[in-house]
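# Tertiary structure, described
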Amino acid sequence: MHTMNSILTVEERYTLQSLGCRNKEQAISVLTEMKMLLPVRSDLFRMVVTPAYKLENEHIDYAYEMRTDAGVFEETE
């Protein structure tokens, strides 16, 4: 059986990594600013709102999630 270590999807991690934020609080702040500028019905809006929601409402280890191997599948038995 395979389990995924990451709470964020690959796309969400890439989005956050591209922002270059140092910590979770900075990432939430940047994403909040971005969502104010985007049209609500756009795909970009969804790409910003979803990780922002997860960062605010779920227990996420931001440093772990930003590692390049965080989403790698591991074998479990």
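Let us look at the structure shown here. (Residues numbered from 1 in each chain as written. Predicted model: local features only at pLDDT ≥ 70, side-chain atom pairs only at ≥ 80, totals over all residues. Heavy atoms only, no water.)

### Some words on the pattern of salt bridges
Rule in force here: What counts as a salt bridge is simple: a side-chain nitrogen of Lys or Arg found within 4 Å of a carboxyl oxygen of Asp or Glu. Each helix is a run of H or I in the DSSP string that is no shorter than four residues. Each strand is a run of E no shorter than two, and both are numbered from the N terminus. With a 1.4 Å probe rolled over the protein chains alone, any residue whose accessible area is under 20% of its type maximum counts as buried; one over 50% counts as exposed, and the rest are partly exposed.
What the rule picks out here adds up to 2 salt bridges. For K54, the salt bridge identified is with E12, shortest N-O distance 2.9 Å. In this pair, K54 is assigned in helix α3 (residues 43-57) and E12 in helix α1 (residues 10-19), connecting sequence segments 42 residues apart. An identical accessibility class is assigned to K54 and E12; each is buried. Across the pair R46 and D43 runs a salt bridge whose closest N-O atoms are separated by 2.5 Å. Of this pair, R46 and D43 both sit in helix α3, separated by 3 residues, roughly a single helical turn. Residue classification places D43 among the exposed residues on the basis of a relative accessible area of 53%.

### Here's the deal with the packing of helix α2 (residues 24-37) against α3
Put simply, the test is: Only C-alpha atoms enter the line fits that serve as axes; for helices the fit covers just the stretch in contact. Angles between N-to-C directions range over 0 to 180 degrees. Take the far helix as the reference: if the near one is turned anticlockwise from it by less than a right angle, the crossing is left-handed, and if turned clockwise, right-handed. Contacts are assigned to residue pairs with any non-hydrogen atoms lying within 4.5 Å of each other. Three residue categories are used. Nonpolar comprises Ala, Val, Leu, Ile, Met, Phe, Trp, Tyr, Cys and Pro, charged comprises Asp, Glu, Lys and Arg, and polar comprises the others, including Gly.
Packing of α2 against α3 leaves a shortest axis separation of 9 Å and a crossing angle of 145 degrees. The handedness of the crossing between α2 and α3 is left-handed. On α3, the residues touching K24, A27, I28, L31, T32, M34 and K35 of α2 are F45, V48, V49, P51, A52, L55 and E56. Classifying every residue of the contact of α2 with α3 by side-chain character gives 10 nonpolar, 1 polar and 3 charged.

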